[in-house]
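Results of the structural survey
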Amino acid sequence: MLLMVSLALGLSATQVHAQSGQSAQKSADPASKKKDKPTAVNKGQTAKSKAQDKQKAKSSGSQNSSLQRAKAPVAPKSANNANSKSAKNTPAAVKQARLERSKLNSAQQARPVRASFGQMAGLHATSDALDLHSSVALVVDQDTQEVLYRKNDHAVLPIASLTKLMTGLVIAESKLSMDEPIRITQDDVDTEKGSSSRLAVGTVLTRGDLMHLSLMSSENRAANALGRTFPGGMDHFVDRMNMRAKQLGMKDTRYVEPTGLSSRNQSSASDLAVLVSVAYKETMLRELSTSHGREVEVGRRTLHYNNTNRLVKNPAWDIGLQKTGYISEAGRCLVMQTQVSGRKLIMVFLDSAGKLSRLGDAERVRNWLESKPPLHSGQSLPRQYLPG
């Protein structure tokens, strides 16, 4: 039967018998089975050989790995460990990562891009009873003219956008029409610091709108346009700013332009307290500087501006006039007229090191005045410069 099947498959009889004989011999020869199974001695030798081979491979791999590290950067680890990846996404891990990022951002915000003039002068080394973050501070009672708190108040420093308070005062006192349209030009673009603005060249707004954005949101192009379009031009306007400061007895004050972008615009806390008291008499300056926000139509767009001083929206504060300022040379600055415990006060904070620290200093002063008698007293400002 086997012969017939094999012939059908094309095999010769000799091949069939040869295959049959080989199969029979393989199954009958017990030595062939033992051949595949190593003896005890062979087992030991095999294990030893495998261990040696393994050690060589490990050494070779280590050398190759070191060579690869020397030749090229280590490739990033693949996601071969899902447990590690999922552990990074747990709520606790995410919360910790956010906390670390927040601390990093706070640390970055707490130091200016460059050292301020006050830092270079060592003013931050001055200690004070309230541990203020501002290197310069002055608090004056508007009615009694008493200096309630002072810290380096005669130091002359850059004042950044506090400059715009004098810009606004000169415009307000000039009695120019607030409805006159003014066009933003290339001359209003900041070449001092390269700061940006949402008021594109060609934008047309009224003088009143430019005053509003300048005092409330510290809009640099708005302030520059106010000085540029003043009768007599920019040079005459800056002369008026310096003349007004001299008339007010602001001996430490100098202006070179109307925005505050230049570090050459400088003053002292004592001089700025005088400026705040005089500016407070102008209804327009009080209303515009403390406005919460303003929307202006620019072509087909509506631009929304907010106040740079968040304290004006805080119900715990009663602020009659304010202005903020910042350039790296000046640090963070703030001046305010406010009422605390029924007392009218003028507050000046210059060269504060953190983004929100000037507001924190104002809170410290307010809390102290509400809970304790004054820590300091000193010389009063000339009465003719203070309302009351």
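Residues numbered from 1 in each chain as written. Predicted model: local features only at pLDDT ≥ 70, side-chain atom pairs only at ≥ 80, totals over all residues. Heavy atoms only, no water.

Interhelical geometry of helix α9 (residues 207-217) versus helix α10 (residues 220-228) gives an angle of 135 degrees and a closest axis separation of 8 Å. Considering the angle they form, α9 stands oblique to α10. When you trace α9 past α10, the crossing you get is left-handed. Note on element contacts: α10 touches α9 through Ala 222, Ala 223, Ala 225 and Leu 226, opposite Arg 207, Leu 210, Met 211, Leu 213 and Ser 214. Here the residues of the contact of α9 with α10 are counted per class, giving seven nonpolar, one polar and one charged. (Axes fitted to C-alpha atoms, helices over the stretch in contact; angles between N-to-C directions. Helix = DSSP H or I, 4+ residues; strand = E, 2+ residues; numbered from the N terminus. Parallel < 35°, antiparallel > 145°, perpendicular 65-115°, else oblique. Left-handed = near helix turned anticlockwise from the far one by under 90°. Contact = heavy atoms within 4.5 Å. Nonpolar A, V, L, I, M, F, W, Y, C, P; charged D, E, K, R; others polar.)

The subject of this paragraph is the side chain of Glu 219. Tracing the chain through its elements places Glu 219 in the loop between α9 and α10. Engagement of the side chain of Glu 219 in a polar contact is seen with the backbone nitrogen of Arg 221, the distance being 3.0 Å. Ignoring sequence-local partners within four residues, the contact set of Glu 219 consists of Lys 164, Ser 197, Arg 198, Leu 199, Leu 213, Ser 214 and Tyr 305. (Polar contact = N/O pair within 3.5 Å; in protein donor to acceptor, adjacent residues only side chain to side chain.)

At a minimum axis distance of 10 Å, the contact between helix α8 (residues 163-174) and helix α12 (residues 269-279) shows a crossing angle of 35 degrees. The interaxial crossing formed by α8 with α12 has left-handed handedness. Along the contact surface, α8 presents Leu 165, Met 166 and Leu 169, while α12 presents Leu 275, Val 276, Val 278 and Ala 279. Per-class residue counts for the contact of α8 with α12 are seven nonpolar, no polar and no charged.

Turning our attention to the sheet that holds strand β11 (residues 343-352). Where strands meet in a sheet, backbone hydrogen bonds hold them as pairs that are either parallel or antiparallel. With respect to topology, five strands assemble into an open sheet ordered β2-β1-β11-β10-β9, the strand pairing being antiparallel. A single partner strand is all that each edge strand has here, and the edge strands are β2 (147-151) and β9 (318-327). Averaged over all adjacent pairs, the angle separating strand axes in this sheet is 10 degrees, with direction ignored. Bridging between strand β1 (residues 134-141) and β11 involves seven bridges; their strand directions are antiparallel. When the sheet's bridge partners are listed, Val 140 is paired in β11 with Ile 346. Each of β1, β2, β9, β10 (331-340) and β11 is contacted by helix α14 (residues 357-371), which is oriented at about 145 degrees to β11, the strand it contacts most. (Pairing = 2+ DSSP bridges.)

A few words on unusual backbone geometry. A positive phi angle is found at Ala 160, which is not glycine, with a value near 50 degrees. Here Ala 160 shows up in the loop between β3 (157-158) and α8. Here Asp 351, not a glycine, exhibits a phi torsion of approximately 60 degrees, which is positive. Checked against the element boundaries, Asp 351 lands in strand β11. By relative accessible area, Asp 351 is classed as buried at 2%. (Buried < 20%, exposed > 50% of the residue type's maximum accessible area, 1.4 Å probe, protein only.)

Looking now at the packing of aromatic side chains. Enumeration according to the criterion identifies two aromatic pairs in this entry. Summarising the aromatic geometry, the rings of Tyr 149 and Trp 368 are spaced 5.5 Å apart at their centres and angled 65 degrees between planes, so their arrangement reads as edge-to-face. Of this pair, Tyr 149 sits in strand β2 while Trp 368 sits in helix α14, and the two are 219 residues apart along the sequence. The two residues Tyr 149 and Trp 368 agree in class, both being buried. The ring of Tyr 305 has Arg 198 sitting right over it, with the charged end atom 4.1 Å from the ring centre. When the ring centre of Tyr 280 is taken as origin, the NZ or CZ atom of Arg 286, which lies over that ring, is 5.1 Å away. (Phe/Tyr/Trp six-rings, centres within 6.5 Å; stacked < 30°, edge-to-face > 60°. Lys NZ or Arg CZ within 6 Å of the ring centre and 35° of its normal.)

Right, let's talk about the nonpolar core for a bit. General note: in soluble globular proteins, nonpolar side chains tend to be found buried as a group. Formed by 58 residues in total, the largest nonpolar core has its most connected members in Met 166, Leu 199, Leu 210 and Val 348. Ranked by residues supplied to this core, first place goes to α12 with eight residues. What Leu 210 contacts, discounting residues up to four positions off in sequence, is Ile 182, Ile 184, Leu 199, Leu 205, Ala 222, Ala 225 and Leu 226. Core analysis: the second largest hydrophobic core is formed by 21 residues, Val 312, Trp 317, Ala 362 and Leu 369 among them. (Core = buried A, V, L, I, M, F, W, Y, C linked by side-chain atoms within 4.5 Å.)

It is worth spelling out the pairing of β9 at this point. Where burial is concerned, most of β9 is hidden: eight out of the 10 residues are buried. Relative to β10, β9 runs antiparallel, the two sharing nine bridges. Bridge pairing links Asp 318 to Gln 339 in β10. Linking β9 to β10, which pair antiparallel, is a turn of three residues.

With eight of its eight residues buried, β1 lies for the most part within the structure. Relative to β2, β1 is paired through four bridges, and the arrangement is antiparallel. For Leu 138, the partnering residue across the bridge sits in β2 and is Arg 150. The hairpin turn running from β1 into β2, its antiparallel successor, is five residues long, and Gln 145 in that turn takes a positive phi close to 65 degrees.

All quantities given are derived from atomic positions and should not be read as evidence of function.
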